[in-house]
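# Fold and geometry: a report
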Amino acid sequence: MKANTLQMAEAADGSPMVDTERESPLHLRCPVCGHSDQSMVIAQQVLQKPSCSYCGFTFVQEGRIWKALTPTREESFQQFMIEYETIRLREGRGTPGARFYLELPYRDITGRNSWQWKIRSRSFRFFYQRILPWLEYRYKDGLDVLDVGSGNCWLSYRLALRGHRPVAVDLIASNLDGLGAAHHYFDFLKRPFDLFQAEMDRLPFDNGQFDVVVFNSSFHYSENYVQTLQETLRCLRRPGHILIIDSPFYQNEESGQKMLEEKHLSFQNEYGFRSDSVRSREYLTPNALLEMASACGIEWKQLKPWYGVGWALRPLKARLLRRREPAEFYILWAKLGES
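So, how was this worked out
- Residues numbered from 1 in each chain as written.
- Predicted model: local features only at pLDDT ≥ 70, side-chain atom pairs only at ≥ 80, totals over all residues.
- Heavy atoms only, no water.
- Helix = DSSP H or I, 4+ residues; strand = E, 2+ residues; numbered from the N terminus.
- Rg over C-alpha atoms; globule rule 2.2 N^0.38 Å.
- Buried < 20%, exposed > 50% of the residue type's maximum accessible area, 1.4 Å probe, protein only.
- Contact = heavy atoms within 4.5 Å.
- Areas by Shrake-Rupley, 256 points an atom, 1.4 Å probe, with all protein chains shown as cover.
- Core = buried A, V, L, I, M, F, W, Y, C linked by side-chain atoms within 4.5 Å.
- Pairing = 2+ DSSP bridges.
- Axes fitted to C-alpha atoms, helices over the stretch in contact; angles between N-to-C directions.
- Disulfide = S-S within 2.5 Å.
- Phe/Tyr/Trp six-rings, centres within 6.5 Å; stacked < 30°, edge-to-face > 60°.
- Lys NZ or Arg CZ within 6 Å of the ring centre and 35° of its normal.
- Lys, Arg positive; Asp, Glu negative; His and termini not counted.
- Salt bridge = Lys/Arg side-chain N within 4 Å of Asp/Glu carboxyl O.
- Polar contact = N/O pair within 3.5 Å; in protein donor to acceptor, adjacent residues only side chain to side chain.
- Right-handed = clockwise from strand over helix to strand, strands pointing away.

### Digging into the overall build of the protein
- When you go through the protein residue by residue, the secondary structure sums to twelve helices and twelve strands.
- Here the protein has a C-alpha radius of gyration of 20 Å; the compact-globule value for 339 residues is 20 Å, and the two agree.
- Its C-alpha atoms give the protein principal-axis dimensions of about 60 × 50 × 45 Å.
- For the protein, with 339 residues in total, the buried portion stands at 57%.
- Across the protein, every contact between residues at least 6 apart in sequence was considered, and the portion connecting residues at least 24 apart equals 71%.
- For the protein, the exposed area adds up to about 15600 Å²; of that, 48% sits on carbon and sulfur atoms.

### Examining the nonpolar core
- By size, the foremost hydrophobic cluster in this structure holds 44 residues, and its most contacted members are L146, F196, F205 and W300.
- Of all elements in the fold, only strand 6 (144–148), strand 7 (165–170), strand 9 (210–216), helix 8 (225–235), strand 10 (236–245), helix 10 (286–296) and strand 12 (331–336) reach the threshold of two or more residues within this core.
- Setting aside residues up to four positions removed in sequence, F205 forms contacts with L26, H27, L28, R29, L146, V167, V169, F196, F210, R234 and C235.

### Here we look at the sheet that holds strand 8 (residues 194–197)
- The nine strands lie next to each other as 4-5-8-7-6-9-10-12-11, forming an open sheet whose pairing is mixed. Either end of the sheet is taken by a strand with one partner, and the two such strands are strand 4 (60–62) and strand 11 (300–303). In this sheet, neighbouring strand axes are inclined to one another by 25 degrees on average, regardless of whether the strands run parallel or antiparallel.
- Sheet analysis places strand 4 next to strand 5 (residues 65–67), joined by three bridges and oriented antiparallel. Residue V60 lies in a different strand from strand 5, and its bridge partner there is K67.

### Structural notes on the state of the cysteines
- Inspection of the entire model under this criterion finds zero disulfides.
- Here C235 stays free of any disulfide, with the sulfur of C296 as its closest cysteine sulfur at 13 Å.

### A look at the packing of aromatic side chains
- With the rule as written, the count across this model stands at 22 aromatic pairs.
- With a centroid separation of 5.9 Å and an interplanar angle of 85 degrees, the aromatic rings of Y250 and Y283 are classed as edge-to-face. Of this pair, Y250 sits in the loop between strand 10 and helix 9 (253–271) while Y283 sits in the loop between helix 9 and helix 10, placing them 33 residues apart in sequence. Of the two residues examined, Y250 and Y283, each falls in the buried class.
- For the ring pair Y271 and F273, a centre distance of 5.9 Å and an interplane angle of 20 degrees mean the geometry is stacked.
- F273 gets classed as buried once you look at its relative accessible area, which sits at 16%.
- Each member of the aromatic cluster is reached from another via a ring pair, and the members are Y106, W117, F124, F127, Y128 and W154.
- If you follow R162 out to its NZ or CZ, it ends over the ring of Y128, 4.7 Å from the centre.
- Over the aromatic face of W311 sits the side chain of R314, whose NZ or CZ is 3.9 Å from the ring centroid.

### Some details on the side chain of D201
- Tracing the backbone through its elements, the reader meets D201 in the loop between strand 8 and strand 9.
- Buried charge without a partner: D201 forms no salt bridge, and the closest opposite charge is R73, 6.9 Å away.
- Polar side-chain contacts of D201 include one of 2.4 Å to the side chain of T228.
- In contact with D201, other than residues within four places in its own chain, are Q227, T228 and E231.

### Here's the deal with the pairing of strand 9
- Most of strand 9 is tucked away: seven of the seven residues are buried.
- Summarising the sheet, strand 9 and strand 10 pair through six bridges and their orientation is parallel. Its bridge partner lying in strand 10, N216 is registered against I245.
- Handedness of the strand 9-helix 8-strand 10 crossover: right-handed.

### Some remarks on the pattern of salt bridges
- According to the stated counting rule, one finds 21 salt bridges in the structure shown.
- The partner of E270 in a salt bridge is R90, with the nearest N and O atoms 3.3 Å apart. Taken together, the positions of E270 in helix 9 and R90 in helix 3 (residues 78–90) put the pair 180 residues apart, joining distant regions of the chain.
- On the basis of relative accessibility, which here comes to 45%, the residue R90 falls in the partly exposed class.

Spelled out as C-alpha cells, the structure:
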C-alpha cells in the first residue's frame, strides 16, 4: 500500500524522491529577546543547545514540531487557534489517512473544498512550471525555502520531493490541518523537513539563512504587512526572493472591507463567533503593495495565473449584478539583491 501511495504522489508532479538532508545547520534566534549565537542550531534534526543564553527561553520539540512560541504569546493566540481549528474541521480540511494530503494541491479527495483546491492547483502549477525552474537555474545546489503559514505542509512536501530544503512555519500544530499533518509525508521522503510553531512576525531563525520565503495562501493572516515583510527580509540571504501566493486581492479598499464583514457575519451565523480575535488584514490592495514597497525598498512583480474563463468573467458579472468586486488571486514576487 505504501509503495502504491508513493507512486501516486510522485506521478502527481513528476518529481522523484530525493535526499533532502540539510547541508548546513539551521541557526536559531530567540523569539523572546532576539538573541542568537553559534550554539543555538539544529543539525540533522538535533538541537545542540536548547536554551537562549540571554533570557533562558527553551526550544522544546513535541513530536517533530519545534515550539517557538512563548507561553504568553501562545495564550494570546489561543482563541484564534480554537476558532480556526473549529472552522477547518467543519469545512472538511483533512482526513485521518495520508492519501488526502499526498494528492494536494491537485485534487481534494473529500470533494468538500474542490473549488478552492482548483485555484490552489493552478497557482501551484504556475509557480512550479514558470518560477521554480528559473530559481533552480540560479541555485544549482537547491533552495533553502521558508514556508510561512504552511498549514498542512503540502507545499513543503512538494519542494522536498523536488530536492529543496524547506522549513515549515505555522501557528497551528494540529494533525488535521496544521504542522502535525506533515507526518503523512515523511514516509515518502528520505529526510523530513523541519517544523516550527511560530509567529510570522517573530521568526525563530538567525539572519540570512533562506533563499526564498513563500507565503502560500497565508500572507493575509498578518496583522501588520510591513512588519511581517521586514521580518521576512531579515531571514533572507542576498540575492533572495519573496513570493506571496493566493492571498485575496481587491482593487478597492471598500470591496475588501465588505468581504471581511460578510465573512465575519457568515462565521457568526454558522459557528457562533466572528473569528476576529486576531486582527488579520485579510486582503491586499494596490495601496498595500505600494506601502510595503516604499517601507521595505522592494519592487513587486505581479503575475496572474489563468484560472479559466468562468473565473475571468467574475468581475464583469459582479458589475452587472451591482455586487462588490470579487477577490482576485495573483503571485507577487519580490527579488532582493538581484543585479
